[in-house]
Amino acid sequence: LGVAIILFPVRIHSTSCTWTAPSGDYYDLSGLTKDDYWLIQDQQENFKYYLNICKNAKPPKECTEAKVKASPALQVEAKSWQHICKELADIEVQTFNLLDPKDPQKGIEMTYGGGDKCGSTPREIRFHFICSPHFDQGPLQIFETKSSCHYNVTWASKFGCPQGVSYFNVTSSSSSWSLLGFFRVLMFGLMCYTIAGCAYLKYVNKDMPIGIGTCPNVEFWMASLDFCINCASASYEKMKAFWTGKQTSDPGFDSKFPMKKDVERPGSLDNPAVDDEDDDI
């Protein structure tokens, strides 16, 4: 029996929802697992797809009547009266890859293979999880490649974002993530600087009460904060004047650049003597 186990190992029912990329980034898709399924149709509405992540989809009536094997992805004909159900994948045949090996922040690709045969090729379905921290509405669209019976699902989700190394990546090929990574590193450095500085000052001056006075270079930070508040206030007033159409006047402008008074012209009403002289001539 022991020899049989060695020669014929037991196939483990894999439902892995986590993956660590070669870059060291960690992904967890368990938040997308449902008790039943995610339902989506193709653009032509010819088929309905019952999908699940890290767990087999609950089969609809059409699939239970056809006695189709459990699968994380099931396809049912929507327009045909037969409503043929097909098993698109086997949950035990699973692989992971990065959407872009140079930028883990773009997301990951999870593939389920081993589905019903399409000719001599087993069907497979690929989930493209696009990193989207603020969008998570389920699968967006699905496409089928008729030649190879492969299915591609586009899915924007926060669970497609990594948790790890590239969170502080400032050399990402994506400029937006590069800038975000820079500010993350900056804020992390300021936090460490403040904590370490406060601890050092408290260690040196043990009688100093714990408060804002224990922060390093507190005068500089207070002046910087005051400067930022003044700039924000001035910007707000400028924007307010722009949108309301009312220009705010600078009270110091008139004192700096006074307007010249009109020069009295000879013969004006304010100088009647000159006019009299002209009449005498």
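Residues numbered from 1 in each chain as written. Predicted model: local features only at pLDDT ≥ 70, side-chain atom pairs only at ≥ 80, totals over all residues. Heavy atoms only, no water.

Caption draft 1: The arrangement of the sheet that holds strand 3 (residues 38-41) in detail. Pairing is antiparallel across the open sheet formed by four strands, whose spatial order is 3-4-5-6. Edge positions in the open sheet fall to strand 3 and strand 6 (85-87), since each of these has one partner strand only. Direction aside, the axes of adjacent strands within the sheet are offset by 20 degrees on average. In this structure, strand 5 (residues 73-77) lies alongside strand 6, joined through three bridges in antiparallel fashion. Looking at the pairing, Gln75 lines up with Lys86 of strand 6. (Pairing = 2+ DSSP bridges. Helix = DSSP H or I, 4+ residues; strand = E, 2+ residues; numbered from the N terminus. Axes fitted to C-alpha atoms, helices over the stretch in contact; angles between N-to-C directions.)

Caption draft 2: Spotlight on the state of the cysteines. Taken as a whole and assessed by the stated rule, the structure comprises four disulfides. Covalent S-S linkage joins Cys63 and Cys85, the inter-sulfur distance amounting to 1.9 Å. Classification of the bridge connecting Cys63 and Cys85 rests on its S-S torsion, roughly 90 degrees, and on that basis the disulfide is right-handed. With Cys63 in helix 2 (residues 61-65) and Cys85 in strand 6, the pair connects residues that are 22 residues apart, well separated along the chain. (Disulfide = S-S within 2.5 Å.)

Caption draft 3: Looking closely at the sheet that holds strand 11 (residues 124-131). Spatially, the five strands line up as an open sheet ordered 7-8-11-13-12, and their pairing is mixed. Taken across any chain shown, the strands that pair with only one partner, and hence form the sheet edges, are strand 7 (89-98) and strand 12 (141-145). Averaged over all adjacent pairs, the angle separating strand axes in this sheet is 20 degrees, with direction ignored. Across six bridges, strand 7 lies against strand 8 (residues 107-114) in antiparallel orientation. Note that in strand 8 the partner of Asn97 across the bridge is Glu109.

Caption draft 4: Looking closely at a nonpolar patch on the surface. Among the surface-exposed residues, Phe183, Leu186, Met187, Leu190, Tyr193, Phe220 and Trp221 lie close enough to one another that they form a single nonpolar patch of about 680 Å² accessible area. Every element with two or more residues in the nonpolar patch is listed here: helix 3 (175-204) and helix 4 (218-244). Sorting elements by how many residues they give to the nonpolar patch places helix 3 first, with five residues. Here Leu186 lies in helix 3. (Patch = residues over 30% accessible without salt bridge, like charges linked within 9 Å, V, L, I, M, F, W, Y side chains within 5 Å. Areas by Shrake-Rupley, 256 points an atom, 1.4 Å probe, with all protein chains shown as cover. Salt bridge = Lys/Arg side-chain N within 4 Å of Asp/Glu carboxyl O.)

Caption draft 5: Structural view of the pattern of salt bridges. Scanning all chains against the criterion turns up four salt bridges. We note a salt bridge from Glu109 to Arg126, for which the minimum N-O separation is 3.9 Å. Taken together, the residues Glu109 in strand 8 and Arg126 in strand 11 connect sequence positions 17 residues apart. Given a relative accessible area of 32%, Arg126 falls into the partly exposed group. (Buried < 20%, exposed > 50% of the residue type's maximum accessible area, 1.4 Å probe, protein only.)

Caption draft 6: Quick peek at the pairing of strand 13 (residues 150-157). For strand 13, a buried count of six out of eight residues is recorded, marking the element as mostly surrounded by other parts of the structure. Where strand 11 and strand 13 come together, eight bridges link them in parallel fashion. Across the sheet, residue Cys131 finds its bridge partner in strand 13, namely Ser157. Taken together, strand 12 and the strand that follows it, strand 13, pair antiparallel across an intervening segment of four residues, in which Cys149 is found at a positive phi of about 55 degrees.

Caption draft 7: Representation of unusual backbone geometry. Unusually for a residue other than glycine, Glu45 sits at a positive phi of about 60 degrees. By the element assignment, Glu45 lies in the loop between strand 3 and strand 4 (47-51). By relative accessible area, which is 46% here, Glu45 ends up partly exposed.

Caption draft 8: Focus on the environment of Thr194. Relative to the helices and strands, Thr194 is located in helix 3. Of the residues examined, Thr194 reaches a relative accessible area of 32% and is grouped as partly exposed.

Caption draft 9: Focus on the nonpolar core. Counting 29 residues, the largest nonpolar core has Leu29, Leu51, Ile53, Ile125, Phe127 and Phe129 as its most contacted members. Counting residues per element, the ones that place at least two in this core are strand 3, strand 4, strand 7, strand 8, strand 11 and strand 13. In terms of residue count, strand 7 provides more of this core than any other element does, four residues in total. If near-sequence neighbours (up to four positions away) are discounted, Ile53 is found in contact with Cys17, Leu29, Leu32, Thr33, Met110, Tyr112, Phe127, Phe129 and Trp155. Counting residues in each nonpolar core, the second largest holds five residues, with Cys63, Leu74, Val76 and Cys85 among its members. (Core = buried A, V, L, I, M, F, W, Y, C linked by side-chain atoms within 4.5 Å. Contact = heavy atoms within 4.5 Å.)

Caption draft 10: Structural detail: the side chain of Glu77. Residue position: Glu77 is located in strand 5. As a buried residue without a salt bridge, Glu77 has its nearest oppositely charged side chain in Lys86, at a separation of 5.0 Å. When near neighbours in sequence (up to four residues on either side) are disregarded, Glu77 contacts Asn46, Phe47, His83 and Ile84. (Lys, Arg positive; Asp, Glu negative; His and termini not counted.)

Caption draft 11: Fine view of the confidence of the model for the protein. Here the protein shows a mean pLDDT of 77. Residues at 70 or above account for 73%. Low pLDDT, under 50, characterises residues 1-14; the stretch is placed with 10 contacts to residues that sit more than four places away or in other chains. In this model, residues 168-177 is a region of pLDDT below 50 whose contacts with residues beyond four sequence positions or in other chains number 21 contacts. (pLDDT = per-residue confidence, 0-100.)

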